[in-house]
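Chain residues, written in single-letter form:
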Amino acid sequence: MHTFRLWRSDTSSADMSLTLGGNIFVSGSNRGIGLELVKQLAEKTPEDTCIYAGCRTPDGSNAQALRDLAAQHAGKICIVKLEMSDEESIACAVRTVSEKVGAAGLNLLINNAAIAKPAIPGKLCDTSRQDMMEVYETNVAGPFHLTKMFIPLLQKAAASSNQGDEMSCRRSAVINVSTLGASLGMMPESFHIAQLFAYRSSKAAMNMLSCCFAMELKSQKILVMALHPGWVQTDMGGDQAPTSTHDSVQGMLNVMSSLGSKDTASFLDWNGDTLPW
């Protein structure tokens, strides 16, 4: 059994060899963890890997860093317009990816896009019903619909694999970026740091979605799990967070590279330690 701590600030001293590749989709990729995921995937995966970077406003000023990264890795990164709270936007993004990947399918879907309203600490007195609904729309309904729409492409990738019965993120997988803050078992230890009623609740719901999808897709050799990135220095995590986006993503990618059939329906952190639901 893995151990766990409230906030992890350590990481492996050496970067493991990544076993990721093929066609990869990352949502919420214009900043923070999503942008770093695209960056490190572009740097560390084989040249024939294609990374589809979902972004709400590809032409906006907040996507400049992503556009620069795509230009730096021309042919390896494809920016795809994606608004997680809009069904038609999700459908268009899936059609775009489907046309490009064809029979090869989609090997890895990373549901990273998420919002938190109101901002940290997200106290009860500051949280409205509208905040709750908007957060659920983006953090729960969005990933649910995106994953559901991508299942045919995930199935294609899983079926064409030569890995036998073994699941992996190189074969076909869905990684839902979750949070330790969604853990019912550890909630009392972290509640004083940030209450975040809407965000915590939405991510707990996403954890259940991870388990449901894992059960639904297990027979098709599609791995599904929830992954906590740590307390990270992002717009959401704040400057006081102990972990850089680089270290968090390096750890997350190492974990993804090590996942197998035994890990479907699991809840792990960026060091590979098991977290309580």
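Going by what an unreviewed UniProt entry lists, the protein is known as C-factor and is assigned to Takifugu flavidus.

A closer look at unusual backbone geometry
At the junction of Lys117 and Pro118, the peptide bond is cis and its omega measures out at -10° in the coordinates. With respect to the secondary-structure elements, Pro118 resides in the loop between β4 (108-111) and α4 (129-159). Here the bond from Ile120 into Pro121 is cis, since omega is 15°, no more than 30 degrees from zero. Inspection of the secondary structure puts Pro121 in the loop between β4 and α4. With a phi close to 65°, Lys221 is a non-glycine residue in the positive phi region. The residue Lys221 is located in the loop between α6 (197-217) and β6 (223-228) in this model. Its relative accessible area of 24% is what places Lys221 among the partly exposed residues. Although it is not a glycine, Ala265 adopts a positive phi angle of roughly 70°.

Things to note about helix α1 (residues 32-44)
Over its 13 residues, α1 runs 18 Å from end to end, which matches the ideal 18 Å to within 8%, given 1.5 Å per residue. Of all the residues in α1, the buried ones are Ile33, Gly34, Leu35, Glu36, Leu37, Val38, Gln40, Leu41 and Ala42. Considering only its buried residues, α1 is in contact with β1 (23-26), β2 (50-55), α2 (64-72), β3 (77-81), β4 and α7 (245-258).

Let's talk about the pattern of salt bridges
Enumeration over the complete set of coordinates arrives at six salt bridges. A salt bridge links Lys117 to Glu134; the shortest N-O distance between them is 2.5 Å. Here the residue Lys117 occupies a position in the loop between β4 and α4, and Glu134 occupies one in helix α4, the gap between them amounting to 17 residues.

With respect to the side chain of Ser29
Turning to its location among the elements, Ser29 is positioned in the loop between β1 and α1. Looking at Ser29, its side chain comes within polar contact range of the main-chain oxygen of Gly54, at 2.8 Å. Setting aside anything within four residues of it in sequence, one finds Ser29 in contact with Gly34, Leu35, Val38, Ala53, Gly54, Cys55 and Leu66.

Looking at the packing of aromatic side chains
Scanning all chains against the criterion turns up four aromatic pairs. Consider the rings of Phe267 and Trp277, whose centres lie 5.1 Å apart with planes at 25°: the pair is stacked. One end of the pair, Phe267, is in strand β7 (residues 267-269); the other, Trp277, is in the segment after β7, with 10 residues separating them in the sequence.

Notes on the nonpolar core
Ranked by internal contacts, the top residues of the largest apolar core, which has 36 residues, are Leu108, Ile110, Ile175 and Met256. Looking at this core, the element that brings in the most residues is α1, giving six residues. Every residue in contact with Leu108, bar those within four places of it in the chain, is listed here: Leu20, Asn23, Ile24, Phe25, Cys169, Ala173, Ile175 and Met256. Val80, Leu82, Leu109 and Ala113 belong to the second largest nonpolar core, which has 29 residues in total.

Criteria and thresholds
- Residues numbered from 1 in each chain as written.
- Predicted model: local features only at pLDDT ≥ 70, side-chain atom pairs only at ≥ 80, totals over all residues.
- Heavy atoms only, no water.
- Helix = DSSP H or I, 4+ residues; strand = E, 2+ residues; numbered from the N terminus.
- Buried < 20%, exposed > 50% of the residue type's maximum accessible area, 1.4 Å probe, protein only.
- Expected span 1.5 Å × (residues − 1).
- Contact = heavy atoms within 4.5 Å.
- Salt bridge = Lys/Arg side-chain N within 4 Å of Asp/Glu carboxyl O.
- Polar contact = N/O pair within 3.5 Å; in protein donor to acceptor, adjacent residues only side chain to side chain.
- Phe/Tyr/Trp six-rings, centres within 6.5 Å; stacked < 30°, edge-to-face > 60°.
- Core = buried A, V, L, I, M, F, W, Y, C linked by side-chain atoms within 4.5 Å.

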